[in-house]
Amino acid sequence: MRVVVRIVAVLLALAIATAGALLALEVGWRWLRPDAGPLVVPWPRWRAELSTLTWESTPVRVTALITAVAGLLLLVAALATGRRDVALLDPAPGVTVRTSPRSLARIVGTRVRAQDDVSGATVSASRRKVRVRASSAIEPESALRPRLTGVVGEVLADLPLARTPRVSVVVDSPRDRS
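This is a predicted model, so every value here is computed, not measured.

Chemist: Outline the packing of aromatic side chains, listing residues and values.
Modeler: Inspection of the entire model under this criterion finds one aromatic pair. Ring centres of Trp-43 and Trp-46 lie 5.7 Å apart, and the angle between their planes is 75°; this geometry places the pair in the edge-to-face category. Within this pair, Trp-43 and its partner Trp-46 are both found in helix α2 (residues 43-51), separated by three residues, close to a single helical turn. On the basis of relative accessible area, Trp-43 is assigned to the partly exposed category, the value being 39%. Residue class for Trp-46 comes out partly exposed when judged on its relative accessible area of 42%.

In C-alpha cells form, the structure reads like this:
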C-alpha cells in the first residue's frame, strides 16, 4: 500500500508543479504583453463558461462527488499504510517497545541459517505470522522441518514478544523430489 501512496504523492506533486509553471507562464506573458490574449490557458473562455454554472448544476455536483470520493480513497490509503510494528513486552510503566517485522525476520533468519544442513533460507515476518522457507541439499524435508520449527519456536520464546506469532516452515530438498 505504501507504493500506491508514494505514486499518488508523486502524481499530485507533478500536477501541482505543472499548474504552478502554467500560472507563472501566464502571469509573465500578461506582464510582458498586457493587450495580448492568454499564452496557453484560455482563461477568458473558462471564466465565461464557469459564470453560467450554479451550485445546483450537474457538472458542479459531479465534480464535488468525484472530489469527495477521491479524498476518501486517499484517506483510506493513507490510513492503511501505517507501520506494522511487532509489540514487545513493556519493560516499565509508560515505556512502549516495538520492533519492525524486518528485524524479527533477520533474527529468525540468522538462527535458521546457522543450523546444520540448511543451505539457505528466506524469512518474512509480521505481527501475526513468521514464514520460513529453507532449502537443504542433504537432509529431507520430513527430518528438517520439525527441527526448524522448534528452532524458530525457541527464538520466538527467547524474545520478549507481547504476542507470539504463528510459525510456518517450508523446506525445499532435492532428496524429496526423487
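Next comes the rest of the write-up.
Chemist: Talk me through the packing of helix α4 (residues 101-113) against helix α5 (residues 141-158); I want residue IDs and the actual numbers.
Modeler: For the pair α4 and α5, the least separation of the axes is 10 Å and the interaxial angle reads 135°. It follows from the interaxial angle that α4 and α5 lie oblique. Taken as a pair, α4 and α5 cross one another with a handedness that is right-handed. Along its contact with α4, which presents Leu-104, Ile-107, Val-108, Arg-111 and Val-112, the element α5 presents Leu-148, Val-151, Val-152, Glu-154, Val-155, Leu-156 and Asp-158. Here the contact of α4 with α5 is built from residues that sort into nine nonpolar, no polar and three charged.

Chemist: Account for the pattern of salt bridges, with residues named and values stated.
Modeler: Applying the stated criterion to the full structure yields three salt bridges. Salt-bridge contacts for Asp-172 lead to Arg-133; the nearest nitrogen and oxygen are separated by 3.4 Å. Taken together, the residues span a long stretch of sequence, with Asp-172 in strand β5 (residues 166-172) and Arg-133 in strand β4 (residues 129-135) at a distance of 39 residues. By relative accessible area, Arg-133 is classed as partly exposed at 44%.

Chemist: An account of the layout of surface pockets is requested, with residue identities and associated values reported.
Modeler: Considered as a void within the structure, the largest pocket measures approximately 210 Å³ in volume. Taken together, 10 residues make up the lining of the largest pocket; nearest its centre are Arg-2, Thr-81, Gly-82, Arg-83 and Arg-84. Approximately 170 Å³ is the volume attributed to the second largest pocket. What lines the second largest pocket is Leu-23, Glu-26, Val-27, Trp-29, Arg-30, Pro-38, Trp-43, Pro-44 and Arg-47. Going through the elements one at a time, α1 (2-32) and α2 are the ones with two or more residues in the lining of the second largest pocket. Counting residues per element, the lining of the second largest pocket draws most heavily on α1, at five residues. Tallied by class, residues from the lining of the second largest pocket come to six nonpolar, no polar and three charged.

Chemist: A description of the pairing of β4 should follow, citing residues and the corresponding values.
Modeler: Of the two faces of β4, the one lined by Val-130, Val-132 and Ala-134 is fully buried and the one lined by Lys-129, Arg-131, Arg-133 and Ser-135 carries no buried residue. Once strand β3 (residues 120-125) ends, the chain turns through three residues before running back antiparallel as β4. Pairing analysis gives seven bridges linking β4 to β5, with the strands arranged parallel. In the sheet register, Val-130 faces β5, and the bridge partner there is Val-167. For the crossover from β4 across α5 to β5, the handedness is right-handed.

Chemist: Lay out the nonpolar core in plain terms, naming residues and giving numbers.
Modeler: Counting residues in hydrophobic clusters, the biggest one holds 21 residues, and the most contacted among them are Val-108, Val-112, Val-130, Val-132 and Leu-148. Within the residue set of this core, elements represented by two or more residues are α4, β3, β4, α5 and β5. The leading source of residues in this core is α5, at five residues. Beyond its immediate chain neighbours, meaning those up to four positions away, Leu-148 contacts Val-112, Gln-115, Val-118, Ala-134, Val-169 and Val-171.

Definitions and cut-offs
- Residues numbered from 1 in each chain as written.
- Predicted model: local features only at pLDDT ≥ 70, side-chain atom pairs only at ≥ 80, totals over all residues.
- Heavy atoms only, no water.
- Phe/Tyr/Trp six-rings, centres within 6.5 Å; stacked < 30°, edge-to-face > 60°.
- Helix = DSSP H or I, 4+ residues; strand = E, 2+ residues; numbered from the N terminus.
- Buried < 20%, exposed > 50% of the residue type's maximum accessible area, 1.4 Å probe, protein only.
- Axes fitted to C-alpha atoms, helices over the stretch in contact; angles between N-to-C directions.
- Parallel < 35°, antiparallel > 145°, perpendicular 65-115°, else oblique.
- Left-handed = near helix turned anticlockwise from the far one by under 90°.
- Contact = heavy atoms within 4.5 Å.
- Nonpolar A, V, L, I, M, F, W, Y, C, P; charged D, E, K, R; others polar.
- Salt bridge = Lys/Arg side-chain N within 4 Å of Asp/Glu carboxyl O.
- 1 Å grid on protein atoms, 1.4 Å probe; cavity = no way out; pocket = protein on both sides within 12 Å on 5 of 7 lines; lining within 4 Å.
- Points joined across faces, edges and corners; volume = space filled by probe spheres on them.
- Pairing = 2+ DSSP bridges.
- Right-handed = clockwise from strand over helix to strand, strands pointing away.
- Core = buried A, V, L, I, M, F, W, Y, C linked by side-chain atoms within 4.5 Å.

Don't take any of this as a statement about function, it's just geometry.
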